[in-house]
Amino acid sequence: MEFIYVLLALALAVGAYFLFFRKREEPALPPGDASTPAKAKSERAPAPAPKSASESKAEPARVEEGSAIRTPVPVPRPSRPPPPSRRDAGVAKPAEPAATAPAAPTPAAKARDISGLRRGLAKSRDTGGFFGRLRAIFAGKKELSPDLVGQIEEVLLTSDVGVETTSALLEHVKATLAKGELSDPELVWAELRAECLRMLESSASGALSLSAKPTVVLMVGVNGAGKTTTIGKLATKLSASGKKCVLAAGDTFRAAAVQQLVVWGERVGCEVVRGKDGADPGSVVFDAIKRAQEVGADVVLADTAGRLHTKSNLMSEMKKIAKTAEKALSGAPHEILLVVDSTNGQNAFAQAKEFKEALPLTGIVLTKLDGTAKGGVVPGVANGLRAPVRYVGLGERPDDLHEFSSEDFVEALLGREQEGAVAQATNRSEAN
């Protein structure tokens with residue numbers, strides 16, 4: 001009996017022993033068993049938060065250490081912000097007009113440019129100028145009588161429009177009057193503006209075309225027309241646009257012209273190639289072209305001595321300069337610009353015709369237009385010579401040299417102040 005009690009006691013002791021150690025070992029067993037749920041959690045975690053490959057690899061490492069089990073599932077929750085960002089992106093679309101808004105100031109800039117041209121043409125727009133006298137003819141008239149055509153002709157001829165251009169304008173007006181289509185003075189005024197614009201558009205081409213490197217530009221004209229000053233202004237504009245210029249002081253017969261060009265070169269930062277007093281101007285232009293090729297310049301602006309259009313021997317020397325430029329660079333000079341003093345009036349036509357016969361002119365620069373009340377010289381020269389007007393000078397400052405725009409010029413010369421104000425107000429409203 002005692003033996004049975006001993007066996008029961010041993011059995012109880014062994015049972016208690018196994019039960020006790022089994023509870024102590026259970027915490028150690030889960031790492032092997034918990035690897036499966038941990039992996040499940042790690043597989044769920046990367047799906048909502050696909051941040052990077054390095055982070056997705058790091059999480060299984062923490063699982064093996066047992067610490068990843070404590071990392072709550074909210075870790076991937078930050079991946080939910082993308083939906084708000086998409087909504088924000090959709091809402092941000094109305095901000096796109098702000099990106100297109102900068103295009104609106106373009107008309108305003110054009111209006112400012114026209115106002116600048118108007119200021120430069122103030123004498124022509126005054127009561128005694130081209131515009132003022134024409135305006136006086138139409139003021140207060142309800143019908144246009146045939147005798148007013150004679151008054152229009154007088155104003156055009158005395159405003160340096162020229163005989164040929166005046167005849168063309170009047171023939172156009174008479175033809176429309178004969179049809180009875182333009183009995184209203186306002187319509188005649190508008191028709192004159194439209195015809196002037198047509199004449200200028202057929203010959204105007206705007207700024208220089210830099211077709212070669214370097215592009216050689218030869219400035220010609222009579223003494224005092226403003227060639228040297230025009231070169232300085234052009235160099236300023238071209239340099240400001242990132243073009244490298246070399247200036248050729250080809251007016252070797254006038255020491256002051258060389259010094260003036262040197263001053264412009266120092267002011268703008270352009271190299272000036274010069275020769276001795278009385279040197280051959282062709283050789284100076286030749287050296288300037290070669291120097292421009294060496295330094296990689298974009299433009300060569302070549303000055304020349306003033307030539308009287310009535311002296312055939314002097315004009316022939318101008319041809320020699322052009323031939324020398326051709327020897328230095330094939331195709332040079334690429335541009336031959338005739339600089340005309342607008343205050344010379346009808347004499348400007350005679351100058352321009354002689355120069356055009358001697359040289360293949362590619363454009364005209366009309367200077368000192370702010371100093372004359374006869375703004376009609378612009379359509380007169382452009383239509384009479386069939387040569388493009390490239391620039392007009394309206395002052396002494398570099399920014400007073402304007403690239404010629406036929407539309408802007410006609411609006412500045414023949415446009416009403418009220419029309420300009422309405423146009424500017426329209427531009428402002430469109431910008432807003």
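Residues numbered from 1 in each chain as written. Predicted model: local features only at pLDDT ≥ 70, side-chain atom pairs only at ≥ 80, totals over all residues. Heavy atoms only, no water.

Among the nine residues that make up helix H17 (residues 377–385), eight are buried, leaving the element largely enclosed by the rest of the structure. Buried within H17 we find Val377, Val378, Pro379, Gly380, Val381, Ala382, Asn383 and Leu385. Looking at the residues trailing H17, positive phi occurs at arginine 386, about 55°. (Buried < 20%, exposed > 50% of the residue type's maximum accessible area, 1.4 Å probe, protein only. Helix = DSSP H or I, 4+ residues; strand = E, 2+ residues; numbered from the N terminus.)

Right, let's get into a nonpolar patch on the surface. A cluster of nonpolar side chains, namely Phe3, Ile4, Tyr5, Val6, Leu7, Leu8 and Leu10, defines an oily patch on the protein surface of about 730 Å² accessible area. Position of leucine 10 among the secondary structure elements: in helix H1 (residues 2–25). (Patch = residues over 30% accessible without salt bridge, like charges linked within 9 Å, V, L, I, M, F, W, Y side chains within 5 Å. Areas by Shrake-Rupley, 256 points an atom, 1.4 Å probe, with all protein chains shown as cover. Salt bridge = Lys/Arg side-chain N within 4 Å of Asp/Glu carboxyl O.)

Now for the sheet that holds strand S1 (residues 215–220). Spatial ordering of the open sheet is given by S3-S2-S4-S1-S5-S6-S7-S8, a layout of eight strands whose pairing is mixed. Each end of this open sheet is capped by a strand with a single partner; those strands are strand S3 (271–273) and strand S8 (401–403). On average, adjacent strands in this sheet sit at an angle of 25° to one another, irrespective of strand direction. Here S1 runs beside strand S4 (residues 299–302); their pairing, made up of four bridges, is parallel. (Pairing = 2+ DSSP bridges. Axes fitted to C-alpha atoms, helices over the stretch in contact; angles between N-to-C directions.)

Looking now at the packing of aromatic side chains. In this structure the tally under the stated criterion is three aromatic pairs. Between the aromatic rings of phenylalanine 131 and tryptophan 189, the centroid separation amounts to 5.6 Å while the plane-to-plane angle is 75°, which identifies the pairing as edge-to-face. Within this pair, whereas phenylalanine 131 is found in helix H8 (residues 130–138), its partner tryptophan 189 is found in helix H11 (residues 185–201), the two being separated by 58 residues in sequence. By relative accessible area, which is 4% here, tryptophan 189 ends up buried. Measuring from ring centre to ring centre gives 5.4 Å for phenylalanine 138 and tryptophan 189, while their planes differ by 80°; the resulting arrangement is edge-to-face. (Phe/Tyr/Trp six-rings, centres within 6.5 Å; stacked < 30°, edge-to-face > 60°.)

Bringing the environment of serine 406 into the picture now. If you trace the backbone, serine 406 turns up in helix H18 (residues 406–414). Residue serine 406 is classed as buried on the basis of its relative accessible area, which comes to 11%. Put simply, serine 406 and leucine 200 are 206 residues apart on the chain and 5.6 Å apart in space, counted from C-alpha to C-alpha.

It is worth spelling out empty space enclosed by the protein at this point. If you walk through the whole model with that rule in mind, you get two cavities of 30 Å³ or more. If you add up the space inside the largest cavity, you get close to 60 Å³. Elements with a contribution of two residues or more to the lining of the largest cavity: H8 and H11. At four residues, H11 tops the list of elements feeding residues into the lining of the largest cavity. Considered class by class, the residues forming the lining of the largest cavity number seven nonpolar, no polar and one charged. Within this model, the second largest cavity holds a volume of roughly 30 Å³. Around the second largest cavity, the lining residues are Phe130, Cys196, Leu200, Pro379, Phe409, Val410, Leu413 and Leu414. At the level of secondary structure, the elements contributing two or more residues to the lining of the second largest cavity comprise H11 and H18. (1 Å grid on protein atoms, 1.4 Å probe; cavity = no way out; pocket = protein on both sides within 12 Å on 5 of 7 lines; lining within 4 Å. Points joined across faces, edges and corners; volume = space filled by probe spheres on them. Nonpolar A, V, L, I, M, F, W, Y, C, P; charged D, E, K, R; others polar.)

Attention shifts here to the confidence of the model for the chain. When pLDDT is averaged across the chain, the result is 75; 68% of the residues are at 70 or more. Across residues 23–112 the pLDDT falls below 50, and counting only partners more than four positions away or on other chains, this stretch makes 20 contacts in the model. This stretch, residues 418–432, has a pLDDT under 50; its non-local contacts, to residues over four places away or in other chains, come to 10 contacts. (pLDDT = per-residue confidence, 0-100. Contact = heavy atoms within 4.5 Å.)

Tallied over the entire structure, the rule returns 11 salt bridges. When the shortest N-O distance is used, the salt bridge between arginine 254 and aspartate 251 registers 3.5 Å. Overall, the relative accessible area of 38% leaves arginine 254 in the partly exposed class. Connected via shared salt-bridge partners are Arg118, Arg193 and Glu411.

In this section: the nonpolar core. Membership of the largest hydrophobic core comes to 94 residues, with the highest contact counts inside it found for Val220 and Leu301. With six residues, the single largest contributor to this core is H11. In contact with valine 220, other than residues within four places in its own chain, are Lys227, Thr304, Met318, Ile336, Leu337, Leu338, Val339, Phe355, Leu359 and Leu361. (Core = buried A, V, L, I, M, F, W, Y, C linked by side-chain atoms within 4.5 Å.)

Below, the discussion takes up helix H9 (residues 147–158). Between the first and last C-alpha of H9 there are 18 Å, a value that for 12 residues agrees with the 16 Å anticipated at 1.5 Å per step. For H9, every residue scored as buried is listed here: Leu148, Val149, Ile152, Val155 and Leu156. One face of H9 carries all of its buried residues, which in axial projection span an arc of 120°. Aspartate 160 sits one or two residues past H9 and shows a positive phi near 65°. (Expected span 1.5 Å × (residues − 1). Arc of directions from axis to C-beta.)

Once that is clear, we can look at the pairing of strand S5 (residues 335–341). For S5, the tally of buried residues reaches seven of seven residues, placing the bulk of the element in the interior. The side-chain alternation of S5 yields two buried faces, one formed by Glu335, Leu337, Val339 and Asp341 and the other by Ile336, Leu338 and Val340. Note: S1 against S5, four bridges, orientation parallel. Bridge pairing in S5 places valine 220 opposite leucine 338. This β-α-β element, S5 to helix H16 (residues 346–358) to strand S6 (residues 363–367), shows right-handed connectivity. (Right-handed = clockwise from strand over helix to strand, strands pointing away.)

What follows concerns the packing of H8 against H9. For the pair H8 and H9, interaxial distance at closest approach is 10 Å and the crossing angle is 175°. Classified by the interaxial angle, the pair formed by H8 and H9 is roughly antiparallel. Here H8 contributes Phe130, Arg133, Leu134, Ile137 and Phe138 to the contact with H9, which in turn contributes Leu148, Gln151, Ile152, Glu154, Val155, Leu156 and Thr158. (Parallel < 35°, antiparallel > 145°, perpendicular 65-115°, else oblique.)

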